[in-house]
Amino acid sequence: MCVELVEGKTAVYGIIGDRVEKSFSPVLQNTIGREMGVNMVYVPFKVESGRVRAAVEGGRAMNIRGFNVTVPHKIEVMDALASVDETAARIGAVNTLKLTENGYEGYNTDIIGLKKCFDERKTSLKGRNVVLAGAGGAANSAAILAGEEKAAKLVIVNRTAEKAEALAERVRKYYDTEVEVIGYDKLMDIAEPEIFIQTTSVGMGSDETPVAEKEFFKNVGIVVDIIYTPWETRLMREAKEMGAAAVNGFDMLFYQGLASFEIWNDMKAEPEKTLELKKKLTEFYRGRA
Ligand code: ATR
C-alpha cells in the first residue's frame, strides 16, 4: 500500500507490542495487501504492558479491522477479547485479532506458520520423535503443534526444568503424544531424534548454539530454527554438516503473517502466489538485513 493511496474506505490494521520499531510485520502485511489487491494499510502501535486492554478497546472503537500482537502482550491480550480460538487457547497465547460485531476474535497463527515450514518440505510430524529446544513463548506453539500433529514423542529440552515441565503438562492435558523433559546434558541420550525445533534465543545475533555436540544431528532429518538473524545460525550450519535439512525462522514469520492476512480477509493465497510473495519478501528482508 502506497501512502498516497490511503483513502476513506481503506481498512486499517496494525501490530501491538512494546518493541514494534523492529518489527518486519508492517512491510510484510502491506506487501501482501498490495500484491493480493486488498485496500488496506497496516501500521505499528507501540503499547506498554498494562495498557493492552485500553489499546484493544480503542482499536474496536476506531474500527481497526485486525491486529497482530507481539512480545510481550500475547498472553495479556487474551483477557480483552470476545473469543479465543481453541488452538490458541491450548497454546495460551494469541497473535492475531480479527474484528467482529462483538469485539475481537483471537487466533494464533504462529502455529500455522511453523506447520507450513514442515508442510512445504513434505514433512509430517505424525508418528515422529520431535525434540524441542526451549520452553518460552515461542516454544508453546511448537509443543502444541507436536500434539496436534500426533507426534509419537516430544522431548522438551530446557535450561530451567520447571518451565519445561509446565509446558509438558499443557501438552499432556490435551494430546496422547508422549512428553519427556530433559536438560541439555542429556541431549545425546535421545533415541532417534527425527525432528528438531529450536526456539531459544541462543544464537540470535551471535555464533552460539544450544547444542554442544553437532553429532547430535546425525540422525535428525529436519531442523527448524526460529531465529533468522543471522540468516544461517551455527546450529543450522552444524545440522547441515551432519546431513540434516535446516530451515531458518523467516519462513515461519512469513507464513504466520500470511495466515493472519487470510483470516482477516477470508481468503486463501494460491500456492504460486504464496511462493512469489515469499520470494519477494525474503529478498526484501535480506537486502535490508
Ligand atoms: P521467547 O518468547 O522468544 O521464546 P522467552 O520466553 O524469553 O523467549 O524464552 C527464551 C527461551 O530461551 C527459554 O527457553 C530460555 O530458557 P530458560 O527457560 O531456562 O530461561 C532459553 N534460553 C535463553 N538463554 C539461554 C541460554 N543461555 N541457554 C539455554 N537456554 C536459554
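Computed from a prediction, not measured in an experiment: that's the story for all the values here.

Another aspect to go through is the site of the ligand. Around the ligand, 13 residues are found, and the nearest of them are Ala135, Asn158, Arg159, Thr160 and Lys163. Here an oxygen atom of the ligand and a backbone polar atom of alanine 138 are 3.0 Å apart. In this structure, serine 201 approaches the ligand through a main-chain N or O atom, which is 3.5 Å from an oxygen atom. A total of 640 Å² of accessible area belongs to the ligand in isolation, and the protein chains cover 65% of it. Across the shell around the ligand, the residue classes break down as 3 nonpolar, 8 polar and 2 charged.

Of the residues making up helix α4 (residues 110-119), those classed as buried are Asp110, Ile111, Gly113, Leu114, Cys117 and Phe118. The buried side chains of α4 occupy one side of the element, clustering within an arc of 165° when seen end-on. Looking at the buried residues of α4, the elements they touch are α3 (86-91), α5 (137-148), β10 (195-198), β11 (222-225) and α8 (250-265).

A separate point is the packing of aromatic side chains. In the structure shown here, the tally under the stated rule is 17 aromatic pairs. With 5.5 Å between their ring centres and 75° between their planes, tyrosine 228 and tyrosine 285 make a pair best called edge-to-face. Placement of the pair is tyrosine 228 in the loop between β11 and α7 (234-241) and tyrosine 285 in helix α9 (residues 271-288), with a sequence separation of 57 residues. Look at phenylalanine 254 and tyrosine 255: their rings are 5.0 Å apart centre to centre, the planes differ by 70°, and that puts the pair in the edge-to-face class. An aromatic cluster of three or more residues is present, and its members are Phe24, Tyr228, Trp231, Phe250, Phe284 and Tyr285.

To summarise the sheet geometry, strands pair through backbone hydrogen bonds and adopt either a parallel or an antiparallel arrangement. Taken in spatial order, the 6 strands line up as β2-β1-β3-β5-β6-β4 in an open sheet, and their pairing is mixed. Strands with a single pairing partner mark the edges of an open sheet, and in this sheet they are β2 (40-46) and β4 (83-84). Pairing analysis gives 5 bridges linking strand β5 (residues 96-100) to strand β6 (residues 103-107), with the strands arranged antiparallel. If you follow leucine 97 over to β6, its bridge partner there is glycine 106.

With that settled, consider unusual backbone geometry. Apart from glycine, the bulk of residues carry a negative phi angle, and the bulk of peptide bonds sit in the trans form. A cis amide bond links valine 71 with the next residue in sequence, proline 72, at an omega value of 5°. By the secondary structure assignment, proline 72 is in the loop between β3 (66-69) and β4. Threonine 229 connects to proline 230 through a cis peptide bond whose omega is 0°. Among the structural elements, proline 230 can be located in the loop between β11 and α7. Of note in the backbone geometry, glutamate 192 takes a positive phi value of approximately 50° without being a glycine. Along the polypeptide, glutamate 192 turns up in the loop between β9 (178-182) and β10.

What counts and how
Every chain's residues receive numbers from 1 upward, in the order its sequence appears when written. Residue-level local features of this predicted model are given only where pLDDT is at least 70; pairs of side-chain atoms are given and counted only at 80 or more, and the full residue set underlies all totals for whole chains, interfaces and linings. Values reported for side chains reflect all heavy atoms of the structure, with hydrogen atoms and water molecules removed beforehand. Nearness of a residue to a molecule or strand requires only that one of the residue's heavy atoms be within 4 Å of it. A 3.5 Å cut-off defines polar contacts: any pair of N or O atoms within that distance qualifies, except that in protein one atom must be a possible hydrogen donor and the other a possible acceptor, and neighbouring residues in sequence count only when both atoms are side-chain atoms. With residues, only the protein chains shown are counted as cover, and all accessible areas are computed by Shrake-Rupley using a 1.4 Å probe. Under the convention adopted here, Pro, Cys and the residues Ala, Val, Leu, Ile, Met, Phe, Trp and Tyr are nonpolar, Asp, Glu, Lys and Arg are charged, and Gly plus all remaining residues are polar. To sort residues, take the accessible area from a 1.4 Å probe on protein chains only and compare it with the maximum for the residue type: under 20% means buried, over 50% means exposed, and anything in between is partly exposed. By definition, any uninterrupted DSSP run of H or I lasting at least four residues is a helix, any uninterrupted run of E lasting at least two residues is a strand, and each is numbered from the N terminus. What the arc measures is the spread of directions leading from the helix axis to the C-beta atoms. Contact between two residues is taken to exist if any of their heavy atoms lie within 4.5 Å; hydrogens are not considered. Any pair of Phe, Tyr and Trp rings, taking the six-membered ring for Trp, is counted once the centres come within 6.5 Å. Such a pair is stacked with planes under 30 degrees apart, edge-to-face with planes over 60 apart, and tilted for the rest. Two strands are counted as paired when DSSP detects at least two bridges linking them.

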